[in-house]
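Here is how the chains run, residue by residue.
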Amino acid sequence: MTIQMSNTIEILLVEDSPSDANLTIKSFSQAKIANNLHWVKDGETAMDYLLQQNEYTNAFRPDLILLDLNLPGMDGREVLAEVKANSDLKRIPIVILTTSANEEDVLRTYNLNANCYVTKPFDVQQFIQVIQLISNFWLAAVRLPSE
Amino acid sequence: MRRNPEEALLKHCYPVPSWSAQKNGVKGLSEKIVASGFALALLLLSGVGVASYLSLQRLIEHRRWVAHTYQVLDAINDTLSGVTEAESARRGYILADRNRIFLAAYDDGRQKADRGIKAVRQLTSDNLAQQRRLNELEPLVDQRLALLQRSLDLLQQNPSDLATQIALTSQGGVLQQQVEAKLQVMDNEEQTLLQQRSETAEESVVQTTAIGAVGFCLSFGLLAGVYFLLQRQIRVRRRAETALHQANEQLEARVQERTAQLSQMNISLQAEIMERQQAQQALQQVKEGLEIKVQERTAELKQLNEDLVRSNQELEQFAYVASHDLQEPLRAVTGYTQLLVQDYQDRLDESAQEYTAFIVDGARRMQQLIQDLLAYSRVGTRDLVFVSTDCNLVLNQALDNLQVAIAENQAIIHSESLPTVTVDKNQLVQLFQNLLGNAIKFRREAPPQVQISAELNGNEWIFRIRDNGIGMKSRYLVRIFEIFKRLHTRTEFSGTGIGLAICKKIVDRHGGRIWAESEPGVGTAFYFTLPHHDHSNV
């Protein structure tokens, strides 16, 4: 974990696939806006990070969360529900980033107040493009709540 | 509840006839008394009437006799006065110097005396004593009158013969006395009779009056008695009528009440019947609908079954294809990437090597997933061969298959004696192998210790495989049996998440249940049940 200055955008990536995580991290590192992306591999670790507990007591509060749905143990849907039910965390925008194109997953996550739902494209080029779109939109275009 | 008013009504009704019968008896007796009273009064009145009539008749008879006696007395008196008047007329004739007026008076006197004697004779014809006296009197009177006639005749012929006249006068005086004496006797007789007859008449009056009075009193008493009886009976009847009227009214009210109740009951009964009919119709409709649905469902199920059979066939086909055709391109990817790394290692930079590592890892994972999916599919579709199987042998087989893992992890396996059950042996070996493999795999620092036991619970065996591993939170206890559901990242523990899904499928196909109890940092116990058959023994 790298500690950055407070004007840097903090991003939490929750992703169990190393290859997908690697691609995402690469794409965000090329973004125009300075950001600091932290990667965790499962839901429970993500909650530890957000709630600043266990090994993450000094973690920064993220400005954006990229969340996979199918995670080992506590899955992305549970993480989404817990974050949106938490009055301190619920304003943090959550982008669902998943292989699933299942309509039920889309509905369920929006019902749990996800901020947007993105299906990972199979093609690598397209995948990189989508990640860049996300980074440009959420880091540059969108005004995020300040704490 | 509903029969009570009827019973009450009947109970109320029954006493009325018996009561009226009793009254009828009393009424009959009273009527007889009244009728007898009337009859008696009538009889009595008739008697009184007859008696009064007879008494009156007698009274009239007596009165007539009294009057008759008076007539006799008058006649006697006439006779005497006639004779006396004739004597007086003679004297007058003498004294008045033969005035002829006195001759007329003399004739009147004579005729009067004659009429008197005739009347007496006629009137006393029933009285022998008086007739006899009259027989004696009549010649005396005739002689007396004859003397007077002679005197008169002499006067006319020889008025100067005084001596003869005096002699005739004295002779006449004697006769006069005799006549008067006889008449007196007769008068006395008649007076006596008059007295007797008057007394008898008086007695008759008294008797008649007495009879009338007694008859009146008796009749009055009887009528009063009858009136009293009648009055009493009228009162009794009036009371009975009032009671009857009241009873009638009560009965009428009850009948009306009961009629209203029955009518109400009838209405509610009809409503109930209507409801029931409607319910029956609805039921019939539902039944018909159900029958149609059952037929439809049966057709659907038949179709579904056919679909399933076809699907299973397709799945088997897919499994064949997957096991051979899908693995070949994967082998190409993996193999040639490995060759690339091996042959061009010095020309690949760090990123290139990282990418090739992802390629190989991905391809291997894919291969593993396909194999696991095939295994899972086989567990679900392959025909089972149920045989009586000794679970101790099954356990040994599983331990044999796991001997490398056991050795590497220095695991200690302890098993109690296990029962013999009727199962598909191969699947049971896989079940034990997967559960034991997990128990060894998800270990903590300390060497894994696994305990295996089984106990009979009703008609099923409950198996337990308990370890001292990492355990898990209770929220994950259900989802661990889902296919490809993992609790840990691949860097922590390898595997695709198929093992427990296969365990669940095997237990399901044997008609059992599987579940787990766990505590993080302490260990996990897996339980599964298998049916107990009579021929199996421990």
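(A) Expanded view of the sheet that holds strand β1 (residues 9-14) of chain A. Residues and elements named next belong to chain A. The strand order β2-β1-β3-β4-β5 describes an open sheet built from five strands, whose pairing is parallel. One side of each edge strand has no neighbouring strand; the edge strands of this open sheet are β2 (35-40) and β5 (116-119). Across this sheet, the average inter-strand angle for adjacent strands is 20°, counted without regard to direction. With four bridges connecting them, strand β4 (residues 94-98) and β5 associate as parallel partners.

(B) Fine view of the interface of chain A and chain B. Taken residue by residue, the interface counts 16 residues in chain A and 15 residues in chain B. Of all residues in chain A, Glu44, Pro72 and Gly73 of chain A bury the most surface against chain B, accounting for 32% of the area lost on that side. Along the contact surface separating chain A from chain B lie five salt bridges. One salt bridge in this structure joins glutamate 82 of chain A and arginine 475 of chain B, with 3.8 Å as the shortest N-O distance. Between the two partners, chain A and chain B, sit seven residue pairs in polar contact (both at pLDDT 80 or more). Where the side of chain A that touches chain B is concerned, the elements lending two or more residues are α1 (18-29) and α3 (76-85) of chain A. The biggest single contributor to the side of chain A that touches chain B is α1 of chain A, with four residues.

(C) Molecular detail of the nonpolar core. Grouped together as the largest cluster of nonpolar side chains are 68 residues, with contacts concentrated most on Leu67 of chain A together with Leu428, Phe432, Leu436, Phe463, Ile480 and Phe528 of chain B. Among the elements that make up this core, the one with the highest residue count is helix α9 (residues 425-441) of chain B (eight residues). Those residues in contact with phenylalanine 528 of chain B, other than ones at most four positions away along the chain, are Leu431, Phe432, Leu435, Trp461, Ile462, Phe463, Ile465, Val507, Arg513 and Ile514 of chain B. By size, the runner-up hydrophobic cluster in this structure holds 28 residues, among which are Tyr93, Leu168, Leu175 and Val179 of chain B.

(D) Examining the confidence of the model for chain B more closely. Residue and element names in this part refer to chain B. The share of residues in chain B with pLDDT of 70 or more is 93%, and the mean pLDDT across the chain is 85. In the model, residues 5-21 has pLDDT below 50 throughout and makes 10 contacts with residues more than four positions away in sequence or in other chains. Note on the complex model: pTM 0.52, ipTM 0.76.

(E) Inspection of the packing of α1 of chain A against helix α6 (residues 350-381) of chain B at higher detail. One way to put it is that α1 of chain A packs onto α6 of chain B with a least axis distance of 10 Å and a crossing angle of 145°. On α6 of chain B, the residues that touch Pro18, Ser19, Asn22 and Lys26 of chain A of α1 of chain A are Glu354, Tyr355 and Phe358 of chain B. In terms of residue class, the contact of α1 of chain A with α6 of chain B is built from three nonpolar, two polar and two charged.

(F) Region of the structure containing the side chain of threonine 529 of chain B. Residues and elements named next belong to chain B. As for its position among the elements, threonine 529 is in strand β7 (residues 523-531). Taking relative accessible area as the criterion, threonine 529 reaches 1% and is therefore assigned buried. Separated by 2.9 Å, the side chain of threonine 529 and the backbone nitrogen of arginine 513 make a polar contact. When residues no more than four places from it in sequence are discounted, the contact partners of threonine 529 are Glu460, Trp461, Ile462, Val507, Gly512, Arg513 and Trp515.

(G) Highlighting the packing of aromatic side chains. Residue and element names in this part refer to chain B. Within the structure shown, the criterion is met by eight aromatic pairs over all chains. Ring centres of phenylalanine 481 and phenylalanine 526 lie 6.1 Å apart, and the angle between their planes is 90°; on these two criteria the pair is classed as edge-to-face. On the criterion of sequence distance, the pair formed by phenylalanine 481 in the loop between β5 (460-466) and α10 (499-509) and phenylalanine 526 in strand β7 is long-range, its members being 45 residues apart. Residue phenylalanine 481 is classed as buried on the basis of its relative accessible area, which comes to 9%. Of the residues examined, phenylalanine 526 reaches a relative accessible area of 7% and is grouped as buried. In this structure an aromatic cluster arises from ring pairing among Phe432, Phe463 and Phe528.

(H) Local environment of the packing of helix α2 (residues 43-50) of chain A against α3 of chain A. Residues and elements named next belong to chain A. The geometry of α2 relative to α3 is characterised by a closest axis approach of 9 Å and an angle of 20° between their N-to-C directions. In this view, α2 runs roughly parallel relative to α3, as classed from their interaxial angle. Considering the relative orientation of α2 and α3, their crossing is right-handed. Contacts from Gly43, Met47 and Leu50 of α2 reach α3 at Val79, Glu82 and Val83.

(I) Quick look at the sheet that holds strand β6 (residues 514-519) of chain B. Residue and element names in this part refer to chain B. In spatial order, the strands read β2-β4-β5-β7-β6; together these five strands make up an open sheet with mixed pairing. Each edge of the open sheet carries a strand with a single partner, namely β2 (412-415) and β6. Averaged over all pairs of adjacent strands, the angle between strand axes in this sheet comes to 15°, irrespective of strand direction.

(J) Expanded view of a nonpolar patch on the surface. Residue and element names in this part refer to chain B. Side chains of Leu315, Phe318, Leu326, Leu373, Ile483 and Phe484 sit close together on the surface and give an oily, nonpolar patch of about 460 Å² of accessible area. A per-element tally of the nonpolar patch places helix α5 (residues 162-343) first, with three residues. By secondary structure assignment, the location of phenylalanine 484 is in the loop between β5 and α10. Residue class for phenylalanine 484 comes out partly exposed when judged on its relative accessible area of 30%.

(K) Quick peek at the pairing of β6 of chain B. Residues and elements named next belong to chain B. Where β6 meets β7, six bridges bridge the pair, whose relative direction is antiparallel. Counted as the bridge partner of glutamate 519 is glycine 523 from β7. With antiparallel pairing between neighbouring strands as the criterion, β6 and β7 make up a hairpin whose turn holds three residues, including glycine 521 at a positive phi of roughly 80°.

(L) Seen up close, unusual backbone geometry. Residue and element names in this part refer to chain A. Here glutamine 52, not a glycine, exhibits a phi torsion of approximately 50°, which is positive. Following the sequence through the fold, glutamine 52 ends up in the loop between α2 and β3 (64-67). Unusually for a residue other than glycine, asparagine 54 sits at a positive phi of about 55°. On the secondary structure map, asparagine 54 appears in the loop between α2 and β3.

(M) Spotlight on the pattern of salt bridges. Applying the stated criterion across every chain yields a total of 24 salt bridges over all chains. Here aspartate 307 of chain B makes a salt bridge to arginine 310 of chain B, at a shortest N to O gap of 2.7 Å. With aspartate 307 of chain B and arginine 310 of chain B both in helix α5 and three residues apart, the pair spans about one turn of that helix. Given the relative accessible area of 43%, arginine 310 of chain B is considered partly exposed. Here aspartate 361 of chain B ties to arginine 365 of chain B by a salt bridge, and the two come within 3.9 Å at their closest N and O atoms. Separated by four residues within a single helix, aspartate 361 of chain B and arginine 365 of chain B lie in helix α6, roughly one turn from each other. With a relative accessible area of 25%, arginine 365 of chain B lands in the partly exposed category. Each member of the salt-bridge network shares a partner with another, and the members are Glu15, Asp20, Asp68 and Lys120 of chain A.

Conventions adopted
- Residues numbered from 1 in each chain as written.
- Chains lettered and ligands numbered in written order.
- Predicted model: local features only at pLDDT ≥ 70, side-chain atom pairs only at ≥ 80, totals over all residues.
- Heavy atoms only, no water.
- Pairing = 2+ DSSP bridges.
- Helix = DSSP H or I, 4+ residues; strand = E, 2+ residues; numbered from the N terminus.
- Axes fitted to C-alpha atoms, helices over the stretch in contact; angles between N-to-C directions.
- Contact = heavy atoms within 4.5 Å.
- Buried area = accessible area lost by both parts, 1.4 Å probe.
- Salt bridge = Lys/Arg side-chain N within 4 Å of Asp/Glu carboxyl O.
- Polar contact = N/O pair within 3.5 Å; in protein donor to acceptor, adjacent residues only side chain to side chain.
- Core = buried A, V, L, I, M, F, W, Y, C linked by side-chain atoms within 4.5 Å.
- Buried < 20%, exposed > 50% of the residue type's maximum accessible area, 1.4 Å probe, protein only.
- pLDDT = per-residue confidence, 0-100.
- Nonpolar A, V, L, I, M, F, W, Y, C, P; charged D, E, K, R; others polar.
- Phe/Tyr/Trp six-rings, centres within 6.5 Å; stacked < 30°, edge-to-face > 60°.
- Parallel < 35°, antiparallel > 145°, perpendicular 65-115°, else oblique.
- Left-handed = near helix turned anticlockwise from the far one by under 90°.
- Patch = residues over 30% accessible without salt bridge, like charges linked within 9 Å, V, L, I, M, F, W, Y side chains within 5 Å.
- Areas by Shrake-Rupley, 256 points an atom, 1.4 Å probe, with all protein chains shown as cover.

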